[in-house]
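Chain by chain, the residues run as shown.
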Amino acid sequence: MTYPRPAEDARPGRPAIAVVAHRGASEDAPEHTLAAYRRAIEDGADALECDVRLTADGHLVCVHDRRVNRTSNGRGAVSALELADLAALDFGSWKGLEHKGLVERLARATGRPVNADEEPDWQQDEDAERTSVLTLERLLELVADADRRVELAIETKHPTRWAGQVEQRLVELLARFGHTKPATPDWAPPVRVMSFSARSLHRVRAAAPDIPGVYLMQFLTPRHRDGRLPPGVRIAGPGVRILRAHPDYVARAHRAGHQVHVWTVNEASDVELCRDLGVDAIITNRPKQVRKQLGLE
């Protein structure tokens with residue numbers, strides 16, 4: 001079933017839907033690894049989405065879950081582990097990209113057998129990019145080195161034992177990269193901060209008012225059904241289930257002056273729904289396929 005875009009939402013000259021890589025190109029590479037984000041940039045993603053958590057020694061790392069059990073070979077809460085502890089873990093083999101498979105792929109590419117004990121340095125580097133924990137600082141460096149504009153959508157995870165320290169460290173790091181204040185009169189911020197926590201977005205806005213906020217929603221509560229968002233927030237972040245149940249929400253949010261960034265959109269039918277409703281951004285594990293479906297390839 002498709003829904004026609006409401007007439008009041010038809011905006012002449014409106015830019016194409018932005019495609020945001022959810023945890024990188026996470027269908028093709030282990031989520032939140034450098035390899036997943038490199039792949040997303042290669043696939044043409046307009047922006048990269050990541051989740052950030054604060055380690056016990058004060059580093060922001062890209063990990064979704066409160067604990068590392070699901071996506072690594074270790075156990076424990078991110079907030080109770082130091083960066084060195086996380087660096088010792090394997091964050092990629094669970095995806096099925098074990099060392100053996102990488103070596104076999106190299107052998108096919110070169111047309112000759114490869115001794116796993118004598119693999120070249122570049123292969124070791126590729127292996128590390130698929131298995132090592134990723135810091136937000138390293139991800140910011142990757143984006144800075146890209147040969148085109150690539151935006152970042154950073155989600156702060158709450159609740160956490162570190163509370164406001166997460167936002168403080170985040171703003172400090174973004175300031176180091178020049179992302180918190182306008183550099184030129186026509187400057188458009190390349191970073192936005194997302195959260196299910198309105199308090200988290202308020203902290204970021206108080207410290208860095210030029211960084212846009214995205215209010216994430218898993219359910220559409222009565223106070224937000226008319227398109228309203230927390231004070232100072234200008235981007236709605238509904239889950240795709242909300243659009244399935246309330247397709248008129250996009251038009252309401254647009255009438256309220258807000259953009260709509262939808263997560264996590266992987267099915268072709270949901271991509272069509274988002275296009276029909278006129279959303280501003282699609283957050284997906286499959287950036288290349290979504291771009292192709294939208295005719296952006």
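Our subject in this report is the structure included herewith. Since this is a predicted model, take the numbers as computed values, not measurements.

About the cut-offs
- Residues numbered from 1 in each chain as written.
- Predicted model: local features only at pLDDT ≥ 70, side-chain atom pairs only at ≥ 80, totals over all residues.
- Heavy atoms only, no water.
- Buried < 20%, exposed > 50% of the residue type's maximum accessible area, 1.4 Å probe, protein only.
- Helix = DSSP H or I, 4+ residues; strand = E, 2+ residues; numbered from the N terminus.
- Pairing = 2+ DSSP bridges.
- Arc of directions from axis to C-beta.
- Contact = heavy atoms within 4.5 Å.
- Axes fitted to C-alpha atoms, helices over the stretch in contact; angles between N-to-C directions.
- Parallel < 35°, antiparallel > 145°, perpendicular 65-115°, else oblique.
- Left-handed = near helix turned anticlockwise from the far one by under 90°.
- Nonpolar A, V, L, I, M, F, W, Y, C, P; charged D, E, K, R; others polar.

Regarding the pairing of strand E7 (residues 235-238)
Side chains Ile-235 and Gly-237 of E7 all project onto a buried face; the interleaved residues Ala-236 and Pro-238 project onto the opposite face, where all are buried too. Sheet topology places strand E6 (residues 213-217) next to E7; 4 bridges connect them, and they run parallel. In the strand pairing of E7, Met-217 is matched with Pro-238. Direction of pairing for E7 relative to strand E8 (residues 259-262): parallel, over a ladder of 2 bridges. Paired with Ala-236 across the bridge in E8 is Val-260.

Let's talk about helix H7 (residues 198-207)
Here H7 has its buried residues at Ser-200, Leu-201 and Val-204. Each buried residue of H7 sits inside an arc of 95° when the element is viewed along its axis, so together they form one side. Seen from the buried face of H7, the exposed residues on the opposite side, beyond 90 degrees, are Arg-199, His-202 and Ala-206. On the buried face of H7, the contacting elements are strand E4 (151-156), helix H6 (165-176), strand E5 (191-195) and E6.

Focus on the packing of helix H1 (residues 34-42) against helix H5 (residues 136-144)
Packing of H1 against H5 leaves a shortest axis separation of 11 Å and a crossing angle of 25°. Classified by the angle between their axes, H1 and H5 sit roughly parallel to one another. Seen from above, H1 lies across H5 with right-handed handedness. On H5, the residues touching Leu-34, Tyr-37, Arg-38 and Ile-41 of H1 are Arg-138, Leu-139 and Leu-142. For the contact of H1 with H5, the residue count by class is 5 nonpolar, no polar and 2 charged.

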